[in-house]
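# Residue-level structural notes
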Amino acid sequence: MTSLVLSWKHPSGNLKAYEVQIVEIQADIQTTSETVTITKLDPGTTYTVKVAAVADDDTKGAYTITFQPTKKAPSNWCWSRRKPFCCLQPNVKCRSEDNSCFCDSVCPKYSNCCTDYKQHCLDKQY
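These numbers come from a predicted model, not from an experiment.

## Quick notes on the overall build of the protein chain
Looking only at helices and strands, the protein chain features 2 helices and 6 strands. Ordering the α and β elements of the protein chain from the N terminus gives β-β-β-β-β-β-α-α. Taking 126 residues into account, the globule formula puts the C-alpha radius of gyration at 14 Å, and the protein chain, at 22 Å, lies well above it. Viewed in the frame of its principal axes, the protein chain has a C-alpha envelope of about 70 × 30 × 20 Å. For the protein chain, the proportion of its 126 residues judged to be buried stands at 33%. Split by element, the accessible area of the protein chain, about 8600 Å² in all, is 49% carbon and sulfur. For the protein chain, the distance from the average position of its 15 positive side-chain charges to the average position of its 13 negative side-chain charges is 12 Å.

## So, the pattern of salt bridges
In the structure shown here, the tally under the stated rule is 2 salt bridges. In this structure, the salt-bridge partner of K16 is D58, at a minimum N-O distance of 2.3 Å. Of this pair, K16 sits in strand 2 (residues 15-22) while D58 is found in the loop between strand 5 (47-55) and strand 6 (60-67), placing the two residues 42 residues apart along the sequence. According to the relative accessible area criterion, K16 is partly exposed, its value standing at 42%.

## Section: unusual backbone geometry
Within the chain, D58 stands out as a residue other than glycine whose phi angle is a positive 70°. Even without being a glycine, N99 presents a positive backbone phi close to 60°. Residue class for N99 comes out partly exposed when judged on its relative accessible area of 47%.

## Thoughts on the sheet that holds strand 3 (residues 27-31)
Spatially, the 4 strands line up as an open sheet ordered 3-2-5-6, and their pairing is antiparallel. Where the open sheet ends on each side, the last strands, each with one partner, are strand 3 and strand 6. For this sheet, the mean angle separating the axes of adjacent strands, direction not counted, is 15°. Examined bridge by bridge, strand 2 and strand 3 share 5 bridges and lie antiparallel to one another. Of the residues in strand 3, the one forming a bridge with E19 is Q30.

## Regarding the environment of L41
Within the secondary structure, L41 sits in strand 4 (residues 35-41). Separated by 38 residues in sequence, L41 and S3 have C-alpha atoms that sit 5.8 Å apart.

Rules used in this analysis
- Residues numbered from 1 in each chain as written.
- Predicted model: local features only at pLDDT ≥ 70, side-chain atom pairs only at ≥ 80, totals over all residues.
- Heavy atoms only, no water.
- Helix = DSSP H or I, 4+ residues; strand = E, 2+ residues; numbered from the N terminus.
- Rg over C-alpha atoms; globule rule 2.2 N^0.38 Å.
- Buried < 20%, exposed > 50% of the residue type's maximum accessible area, 1.4 Å probe, protein only.
- Areas by Shrake-Rupley, 256 points an atom, 1.4 Å probe, with all protein chains shown as cover.
- Lys, Arg positive; Asp, Glu negative; His and termini not counted.
- Charge placed at Lys NZ, Arg CZ, Asp CG, Glu CD.
- Salt bridge = Lys/Arg side-chain N within 4 Å of Asp/Glu carboxyl O.
- Pairing = 2+ DSSP bridges.
- Axes fitted to C-alpha atoms, helices over the stretch in contact; angles between N-to-C directions.

Encoded structure:
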């Protein structure tokens, strides 16, 4: 499961509330805040979120976004690093997020490559 934080700027004019709708899970949120957190989203599922600003006279202005959450790479993978994910030259700083393994060109020689090194780094230029 994952979550999404949405933020937006207050529109001009008098505002009564915001209506946030997540179409796929049939969720409706009413708020006066310019930020909302949507939780318990499934990675790989595409979601459509509609945000409507409701004015004092009940007129609405709406925006729609579509997104697909993904899982975060495990901390012992090369893809957990900030780009570049892999290093073409020997580099002691080219490690996974948890510093348990390497993603540089010499890790195969020392048998200390991250689990996803062959899949994401070998013969690739990032």
